[in-house]
Amino acid sequence: MQPELKPVRTDPRGNEQGFGRGSSYEPAQDVAYSSEAGQKVLRNTYMLLALTMVPTVIGAWIGISTSSIIMASPIISSLVMLAAVIGLQFAIAANRNSGLGVALLLLMTGLLGWWLGPILNVALSMKNGMALVGYAAVGTGVIFFAMGALAQTIKRDLSFMGKFLFVGMIALLIAMIANMFLQIPALALTLSTLVIVVFSLFLLYDLQRIMRGGETNYVMATTGVYMSLFNIFANLLHLLLALGGERD
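In this text the structure is predicted, and so the values were computed from the model without any measurement.

## Some remarks on the nonpolar core
Counting 62 residues, the largest nonpolar core has Met108, Leu112, Leu203, Leu207, Val225 and Leu237 as the members making the most contacts within it. No other element matches the 15 residues that helix H8 (residues 218-244) contributes to this core. When residues no more than four places from it in sequence are discounted, the contact partners of Val225 are Leu49, Phe144, Leu203, Asp206, Leu207 and Ile210.

Here you go:
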């Protein structure tokens, strides 16, 4: 199971809104300033997001050769990973205004890259597995750019989506934990599809929030966008392997 976690959010004044997703934000009073500040945060977010790919790839490479650690006890490993990522997200939020916050974010992305080891091993065992990994990466990129374009063009404030998406995320997380015990393949595929939909909408929500000045800290912004992309990629790859994987 891939962790479905979202970070502590901050409002335009830097105040924490609690764990998970902030349900709303107050747009800055000065629209011109808000737009300018939002574009600056967005640029910094994209640069830091590109940097997070380095520990993710390194972690994934290590994870491929050490996936037996996770597979030895997948349920316990999943719960430990869940707790570790939650703890790291709180630590990132607490240190979001310092270099330590960036270091903790890179640590988390490396850990999540390592967590991809088992599913990448499954891909490597299939004739067309690496092609499917590429398709999942391209698909994730297409969703990212599509949500970015929508966030820029949609005029309506999407902050109302926060509560609904957070509730949906928690419901999916509970369902995925339950299915670790139930082991129902059809339910796993359904949940992966729903995860892709929910986190695509989270991307749209986050990116518009950044552009409008609702998130002024690029470390927190990057954490939210990264977690959405991670969940989209992992679950898209799961679907592609289950539906289109060719065994040797």
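## A short note on the packing of helix H5 (residues 129-153) against helix H7 (residues 185-211)
The geometry of H5 relative to H7 is characterised by a closest axis approach of 8 Å and an angle of 45° between their N-to-C directions. Viewed along their axes, H5 and H7 adopt a mutual orientation that is oblique. Handedness of the H5/H7 crossing: right-handed. Along the contact surface, H5 presents Ile143, Phe144, Met147, Gly148, Leu150, Ala151 and Gln152, while H7 presents Ile196, Ser200, Leu203, Leu204, Leu207, Gln208 and Met211. A class-by-class count of the residues in the contact of H5 with H7 yields ten nonpolar, four polar and no charged.

## Side note on helix H2 (residues 74-94)
Given a rise of 1.5 Å per residue, 21 residues ought to cover 30 Å, and the 30 Å separating the end C-alpha atoms of H2 matches this to within 8%. Within H2, burial applies to Ser77, Ser78, Met81, Leu82, Val85, Leu88, Gln89, Ile92 and Ala93. Taken end-on, H2 shows its buried residues confined to a sector of 140°, consistent with a single buried face. For H2, the exposed residues set more than 90 degrees away from the buried face come down to Ile76, Val80 and Ala94.

## Description of the packing of aromatic side chains
Taken as a whole and assessed by the stated rule, the structure comprises five aromatic pairs. Taking the centre distance of 6.4 Å and the plane angle of 20° together, the rings of Tyr226 and Phe230 count as stacked. In this pair, Tyr226 and Phe230 are both assigned in helix H8, four residues apart and thus about one turn of the helix distant. Residue Phe230 is classed as buried on the basis of its relative accessible area of 4%. Ring pairs connect the aromatic residues Tyr46, Phe144 and Phe145, which therefore count as one cluster.

## Things to note about the confidence of the model for the chain
When pLDDT is averaged along the chain, the result is 86, and 85% of the positions lie at 70 or above. Counting contacts from residues 1-33, a segment whose pLDDT is below 50, to residues more than four positions away or on other chains yields 120 contacts.

About the cut-offs
Residues numbered from 1 in each chain as written. Predicted model: local features only at pLDDT ≥ 70, side-chain atom pairs only at ≥ 80, totals over all residues. Heavy atoms only, no water. Core = buried A, V, L, I, M, F, W, Y, C linked by side-chain atoms within 4.5 Å. Buried < 20%, exposed > 50% of the residue type's maximum accessible area, 1.4 Å probe, protein only. Helix = DSSP H or I, 4+ residues; strand = E, 2+ residues; numbered from the N terminus. Contact = heavy atoms within 4.5 Å. Axes fitted to C-alpha atoms, helices over the stretch in contact; angles between N-to-C directions. Parallel < 35°, antiparallel > 145°, perpendicular 65-115°, else oblique. Left-handed = near helix turned anticlockwise from the far one by under 90°. Nonpolar A, V, L, I, M, F, W, Y, C, P; charged D, E, K, R; others polar. Expected span 1.5 Å × (residues − 1). Arc of directions from axis to C-beta. Phe/Tyr/Trp six-rings, centres within 6.5 Å; stacked < 30°, edge-to-face > 60°. pLDDT = per-residue confidence, 0-100.

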